[in-house]
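Descriptive analysis of the structure
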Amino acid sequence: MKIVSRNEELLRDALSRIPQSSSSTSPSSYNKLIRFEDISAAAFKIQCGVQKTPCMYSRLSKQYGMDIYLKKEFLQYTGSVKERGVLYLLTSLPQDQQRKGVIVASDSNFSMAVAYHASELRIPVFVIMSTSTSPSRVKMCREYGAMVISYGTTAKDSQTHARRLAQENGYLYLEEEDSAVYLSGLGTVGLEVYEQVPKLDAVIFPAGGHCGLLAGSAAALKHLNPHISVIGVESESFPVLQQSLKAGHPIEDQACSNHHFYGDVSGLCFGSNALQLTGKLVDKVVAVREDDILISMLRLLEYERATVDAEGAIGLAALVAGKLPELKGKRVAVVICSGNLDLHLLQQCIARALTLDNRVCRFSLVLSDCPGDISKLLEILAREEAR
């Protein structure tokens, strides 16, 4: 979580209430800003505000030759794992700031989580969205209890306006980042997966421009069992995490901004803390194609009755694409972290996935106007057992 404008010191106040890591170089303290104790404290504090989502054995296991367990974080109230980090951060703010309120500027899962949990905590919350935002997103944020303001034609316009309102009115401007508080909240997923699935061999998380879940959960899992493999999955179209790990600092890929299909997987919101944790604790980061993500969405819908977006399906996509052959015969948990996809986009995704999976064939042809030609076409389709 990144806090900007004149209220930057509030984050430091929140961090000061979290036990700081010791100078020990043991595996449990790879990062100075987050420890296993921080994640445990977050789990205790948010246990009544978020769902302890199931981690269930999947019928896809036989198809891919391993025991697959799906951690269904899309069942959170706002459909996203981001609630964990948001709730822990909001409850860690000083009371005077909670009275003044918070403000965000995006149409992401993060903003919806802020809108819902701030309202539940009776913290005044304002969400600035551009005029190009989906009407369904605007409606949902209002139903969660936020004051939604449409401003500007781009996300940058909305962010500039939100910062100005924060400066003038004393609101706290929140932007998803990688503070210890936020990472600790997200890391509670790792705690739950470890408790729910005994004898785990590996856990797969979405990565890309949003690797806070991957980094925070890796800190928990590696503390509990260093032998569990932690794997991140991102898109081949913009492998920002792999590029950043290679460069040693966060790299922003402008090509992935505002990509509606990829949503929260695209863009860049991680900082040096999440990158450092990922580099030291994550065993592997792989990239998958868009086609693999679409097939993964189809498999989850058909076998699990789970309607998810690209961020939710990208972890399973690594198994669909055969990117992790070393996991054959192992016990693997996959975090399905988000289920927020606009209906019109969902319709397009499923239609394309059915074609990619050779379940639907689309073609066009030109027929003469001679009598009997349509009948001949129907005979051919019947002979091929077309439905």
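Residues numbered from 1 in each chain as written. Predicted model: local features only at pLDDT ≥ 70, side-chain atom pairs only at ≥ 80, totals over all residues. Heavy atoms only, no water.

Short version of the rule: UniProt positions are given in the numbering used here, feature names are shortened, and annotations may be inferred rather than shown by experiment.
Going by what an unreviewed UniProt entry lists, the protein chain is known as L-serine deaminase and is assigned to Calonectris borealis. As stated in UniProt under Cofactor (unreviewed entry), the record for the protein chain gives "pyridoxal 5'-phosphate".

With respect to the packing of helix α4 (residues 82-92) against helix α6 (residues 109-120)
The cut-off we apply is this: An axis is simply a line fitted to the C-alpha atoms; with a helix, the fit covers only the stretch in contact. Between two such axes, the angle follows the N-to-C directions and lies from 0 to 180 degrees. In this text, helices come from DSSP runs of H or I with a minimum length of four residues, and strands from runs of E with a minimum of two, each type numbered from the N-terminal end. By the definition adopted for this analysis, an angle is roughly parallel if under 35 degrees, roughly antiparallel if over 145, roughly perpendicular if from 65 to 115, and oblique otherwise. Each crossing gets its hand from how the near helix is turned against the far one by less than a right angle, where anticlockwise is left-handed and clockwise is right-handed. It only takes one pair of heavy atoms within 4.5 Å for two residues to be counted as in contact. Note that Gly is not counted as nonpolar here; it falls among the polar residues with everything else outside the nonpolar set of Ala, Val, Leu, Ile, Met, Phe, Trp, Tyr, Cys and Pro and the charged set of Asp, Glu, Lys and Arg.
Two elements in contact, α4 and α6, have axes whose closest approach is 9 Å; the angle formed by their N-to-C orientations is 45°. Judged by the inter-axis angle, α4 sits oblique to α6. Between α4 and α6 the crossing geometry is right-handed. Side by side, α4 and α6 meet where Lys-82, Glu-83, Val-86, Leu-87 and Leu-90 of the first sit next to Asn-109, Phe-110, Ala-113, Val-114, Tyr-116, His-117 and Ala-118 of the second. Grouping the constituent residues of the contact of α4 with α6 by class yields eight nonpolar, two polar and two charged.

A short note on the pairing of strand β6 (residues 147-150)
Convention followed: The rule for pairing is simple: two strands pair if DSSP sees at least two bridges between them.
Pairing geometry for strand β5 (residues 125-129) and β6, over four bridges, is parallel. Its bridge partner being in β6, Val-127 is matched across the sheet by Val-148.

A look at the sheet that holds strand β10 (residues 284-288)
The mixed open sheet is built from six strands, whose spatial order is β2-β3-β11-β8-β9-β10. Because the sheet does not close on itself, it has two edges, and the strands there are β2 (55-57) and β10. Averaged over all pairs of adjacent strands, the angle between their axes in this sheet comes to 25°, without regard to strand direction. Bridge analysis of strand β3 (residues 67-72) against strand β11 (residues 331-336) gives six bridges, and the strand direction is parallel. Residue pairing across strands places Lys-72 opposite Ile-336, the latter belonging to β11. Contacts between helix α11 (residues 240-247) and the sheet are confined to β9 (229-235) and β10, with β10 contributing the most and set at about 140° to the helix.

Here's the deal with the environment of Ser-229
With respect to the element layout, Ser-229 can be found in strand β9. For Ser-229 and Val-282, which are 53 residues apart along the polypeptide, the C-alpha to C-alpha distance reads 7.5 Å. Ignoring anything within four residues of it in the chain, the contact list for Ser-229 reads Asp-201, Ala-202, Val-203, Lys-222 and Asp-283.

Some details on the packing of aromatic side chains
Worth spelling out the cut-off: Two rings from Phe, Tyr or Trp (for Trp, the six-membered ring) form a pair when their centres sit within 6.5 Å of each other. Planes less than 30 degrees apart are called stacked, planes more than 60 degrees apart edge-to-face, and all others tilted.
Evaluated as defined, the whole model comprises six aromatic pairs. Note on Tyr-77 and Tyr-116: the rings are 4.3 Å apart at their centroids and 20° apart in plane angle, and the pair reads as stacked. Pair noted here: Tyr-77 is in the loop between β3 and α4 and Tyr-116 is in helix α6, with a separation of 39 residues, a long-range link. A network of ring pairs unites the aromatic residues Tyr-77, Tyr-116 and Tyr-144 as a single cluster.

Describing the nonpolar core
Which entries qualify depends on this criterion: The criterion is simple. A nonpolar core is a set of buried Ala, Val, Leu, Ile, Met, Phe, Trp, Tyr and Cys residues joined through side-chain atoms within 4.5 Å. Each residue is assigned to one of three classes by its accessible area relative to the maximum for its type, calculated with a 1.4 Å probe on protein chains only: buried under 20%, partly exposed between the two thresholds, exposed over 50%.
Judged by nonpolar contacts, the single largest core of 41 residues is most densely connected at Ile-204, Ile-293, Leu-319, Leu-327 and Val-334. Only β3, β8 (202-206), β9, β10, α13 (290-304), α14 (310-320), β11 and α15 (343-356) provide two or more residues apiece to this core. No other element matches α14, which puts seven residues into this core. Not counting the four nearest positions on each side in its chain, Leu-327 is found in contact with Met-66, Ala-202, Ile-204, Ile-231, Leu-319 and Val-332. Of all hydrophobic cores here, the second largest spans 35 residues; its members include Val-81, Val-189, Ala-207 and Ala-218.

Topic: the pattern of salt bridges
The criterion, for reference: Put simply, a salt bridge is a Lys or Arg side-chain nitrogen that is within 4 Å of an Asp or Glu carboxyl oxygen.
As enumerated under the stated definition, the model contains 17 salt bridges in all. Put simply, Arg-289 and Asp-292 hold a salt bridge, and the shortest N to O gap is 3.0 Å. For Arg-289, a relative accessible area of 41% gives the class partly exposed. Here the salt bridges do not stand alone but share partners, grouping Lys-71, Glu-73, Arg-84 and Glu-192 into one network.

So, the packing of α6 against helix α7 (residues 135-144)
At a minimum axis separation of 8 Å, α6 and α7 run at an interaxial angle of 20°. Accordingly, the angle class assigned to the pair α6 and α7 is roughly parallel. Between α6 and α7 lies a crossing of right-handed hand. Two secondary-structure elements touch here, α6 through Asn-109, Met-112, Ala-115, Tyr-116 and Ser-119 and α7 through Arg-137, Met-140, Cys-141 and Tyr-144. Per-class residue counts for the contact of α6 with α7 are six nonpolar, two polar and one charged.

Remarks on α14
Helical geometry note: an α-helix holds 3.6 residues per turn, so side chains three or four residues apart project in the same direction. Inclusion rule: Polar contact criterion, stated in full: a pair of N or O atoms within 3.5 Å, where within protein one must be able to donate a hydrogen and the other to accept it, and residues adjacent in sequence count only if both atoms are side-chain atoms.
When you tally the buried positions in α14, you get ten out of eleven residues, the bulk of the element. Of the residues making up α14, those classed as buried are Ala-310, Glu-311, Gly-312, Ala-313, Ile-314, Gly-315, Leu-316, Ala-317, Ala-318 and Leu-319. For α14, the N-terminal capping position is held by Asp-309, with its side-chain oxygen 3.3 Å away from the main-chain nitrogen of Glu-311.

Considerations on α13
This is how it is decided: An expected span of 1.5 Å times one less than the residue number is assigned to each helix.
With 15 residues, α13 should cover 21 Å at 1.5 Å per step; its first-to-last C-alpha distance of 20 Å lies within 8% of that length. Listing the buried residues of α13 in full gives Asp-292, Ile-293, Leu-294, Ile-295, Ser-296, Met-297, Leu-298, Arg-299, Leu-300 and Glu-304. Taken together, the buried residues of α13 touch α3 (61-64), β3, β10, α14, β11 and α15. Once α13 finishes, Arg-305 follows within two positions and takes phi at roughly 55°, a positive value.

Topic: a nonpolar patch on the surface
Our working definition: Two joining distances apply to patches: 9 Å for like charges and 5 Å for nonpolar side chains (Val, Leu, Ile, Met, Phe, Trp, Tyr), and every residue must have over 30% relative accessible area and no salt bridge. Computed by Shrake-Rupley with a 1.4 Å probe, the accessible areas treat only the displayed protein chains as cover when residues are assessed.
On the surface, a nonpolar cluster with roughly 510 Å² of combined accessible area is contributed by Phe-363, Leu-365, Leu-367, Ile-374 and Leu-378. Among the secondary structure elements, Leu-367 is positioned in the loop between α15 and α16 (373-383). Judged by its relative accessible area of 38%, Leu-367 is partly exposed.

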